[in-house]
Amino acid sequence: MQQQRVNHRRLYSAIVTAAGGVLLLSACGLGGATEDVPPPDARKGNIECAEKGQLPASGSTAQKNAMQHWMHEYQSACPGVQIRYVPIGSGGGVAQFLRGATVLGGSDSALKPDEIEASRDVCPGSNAVNLPMVGGPIAVGYNVSGVKDLVLDAPTLARIFDSEITVWNDEKIKRLNPGVQLPATPIRTVHRSDDSGTTQNLNKYLAEAAPDDWPYPTEKAWQAKGGHSAAGSDGVASDVLNEDGAIGYFELSFAKTENLPTVRLDTGAPEPVGPSAETASAGIAAAEVVGRGKDMTLKFDYRTKVPGAYPIVLVTYEIVCAKGNQTEVLPALKSFLTYTASEEGQKDLSRIHYAPLPDGVAAQVREVVSTLS
């Protein structure tokens, strides 16, 4: 087993080299293998840099735009560190991390107990931990000719995605949208084809906020009846954009990129709440840390009626080994994650339609990162 662990963790260098043509955003080529890397000792602006390091990572498409921003800023300040992130979805990111193919996985849902146990094979003497790093609303985007403002509630949304409501002028939708001219256009739902933390968070919201209308398990794979599928948040957003009558779910920045209108949710608060960095932050601020030890798994209140709190939120976790990280990547890993959880790393997230971590949560993340070994 020990030999298997070592072999798994050595896989990453081969994958970085072989997959260089499809990986996203490195400042320059990876170059050759590095020798022992010294601890971070160079401060560039507000970023404390590692001198060298190669960090292969993959996972959540929801955090892709945030990761691109972080990588650009960090690598501009710290050119000796090369970071590659493949946005293949949360399920793929977890699977690659557990195979030892990456040193960091991104997932919109925390590792399950069996996955934490499996991580012992790639984290010698320890296990993986979930570190929340970026938050945001899961927007429900739609494309219905002539309709620029749409209100839905959880039961109606559940019936739409379960193919129980099939036309846009259904009485249940009309009751939530008095005065809006809703067409008889057929509804075309679009969901993720890949295992996705975004899907899992939407499942959790519908299961908790509309339990009588959503009988499906809160898993990463889509279970509801009917609909069409697309890969990644960008694929779902593109499909919605290209067909009248379509509705789908994705991280807010994808709706902004495609200029898609988004649903406002009737949560029982005095006014329906739309997705934004501010309304998502209000939802995330009420989350409870339920992880043990260094693990920082959060639990959300999907039934919140707090005014201005958007309930369909997610946090993307960076999944790393608490101990057993390779000595040649550890300084760069700690340096990069310290930056992403810092005030500097979080301050621009709202500009690109993400919700920064609450200050207290970000401080706890930085403390855990400082103990990685």
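Residues numbered from 1 in each chain as written. Predicted model: local features only at pLDDT ≥ 70, side-chain atom pairs only at ≥ 80, totals over all residues. Heavy atoms only, no water.

A. Structural view of the pattern of salt bridges. Counted under the stated rule, the structure contains 11 salt bridges. Lysine 225 is paired through a salt bridge with aspartate 162; the nearest N and O atoms lie 3.1 Å apart. Of the two residues, lysine 225 sits in the loop between helix H7 (197-209) and strand S9 (228-230) while aspartate 162 sits in the loop between helix H5 (154-161) and helix H6 (171-176), which places them 63 residues apart along the sequence. For arginine 192, the salt bridge identified is with aspartate 194, shortest N-O distance 2.8 Å. With respect to class, arginine 192 is no different from aspartate 194; both count as buried. Within this structure, Asp162, Glu164 and Lys225 form a network of salt bridges that share partners. (Salt bridge = Lys/Arg side-chain N within 4 Å of Asp/Glu carboxyl O. Helix = DSSP H or I, 4+ residues; strand = E, 2+ residues; numbered from the N terminus. Buried < 20%, exposed > 50% of the residue type's maximum accessible area, 1.4 Å probe, protein only.)

B. Quick look at the sheet that holds S9. Pairing in this open sheet of eight strands is mixed, and the strands run S4-S3-S5-S14-S6-S10-S8-S9 from one edge to the other. This sheet does not close on itself; its edge strands, each paired only once, are strand S4 (81-86) and S9. Adjacent strand axes in the sheet meet at a mean angle of 25° when their direction is disregarded. Pairing geometry for strand S8 (residues 188-192) and strand S10 (residues 246-251), over three bridges, is parallel. Paired with threonine 189 across the bridge in S10 is isoleucine 247. Packed onto the sheet, H5 meets strand S6 (128-143), S8 and S10 and runs at close to 110° relative to S10. (Pairing = 2+ DSSP bridges. Axes fitted to C-alpha atoms, helices over the stretch in contact; angles between N-to-C directions. Contact = heavy atoms within 4.5 Å.)

C. The arrangement of the side chain of asparagine 65 in detail. Note on placement: asparagine 65 falls in helix H2 (residues 64-77). Apart from residues no more than four positions distant in its own chain, asparagine 65 is found in contact with Ser253, Phe254, Ile352 and Tyr354.

D. Inspection of the pairing of S6 at higher detail. Summarising burial for S6: 16 of the 16 residues are buried, a large majority. When S6 meets strand S14 (residues 313-321), the two strands line up antiparallel, connected through nine bridges. Paired with valine 134 across the two strands is threonine 316, which belongs to S14. By the bridge criterion, six bridges tie S6 to S10 in an arrangement that is antiparallel. The partner of asparagine 143 across the bridge, within S10, is alanine 246.

E. Quick look at the environment of valine 140. Tracing the backbone through its elements, the reader meets valine 140 in strand S6. Measuring from C-alpha to C-alpha, the distance between valine 140 and leucine 260 comes to 9.5 Å, with 120 residues separating the pair along the chain. Not counting residues up to four positions away in its chain, the partners in contact with valine 140 are Leu157, Phe161, Ile247, Gly248, Tyr249, Pro261, Thr262, Val263, Tyr310 and Ile312.

F. Highlighting the packing of aromatic side chains. Under the criterion given, the structure shown has eight aromatic pairs. Geometrically, the ring pair formed by tryptophan 214 and tyrosine 216 is edge-to-face, given 5.0 Å between the ring centres and 75° between the ring planes. Taken individually, tryptophan 214 and tyrosine 216 each receive the classification buried, so the pair is uniform in this respect. Among the aromatic residues, those joined into a ring-pair cluster are Phe161, Trp214, Tyr216, Trp222 and Tyr249. (Phe/Tyr/Trp six-rings, centres within 6.5 Å; stacked < 30°, edge-to-face > 60°.)

G. Here's a closer look at H7. In this model, H7 (13 residues) spans 18 Å end to end at C-alpha, consistent with the 18 Å of a helix rising 1.5 Å per residue. Where H7 is concerned, the buried positions are Gly197, Thr198, Thr199, Gln200, Asn201, Leu202, Asn203, Tyr205 and Leu206. (Expected span 1.5 Å × (residues − 1).)

Geometry only, nothing functional implied.
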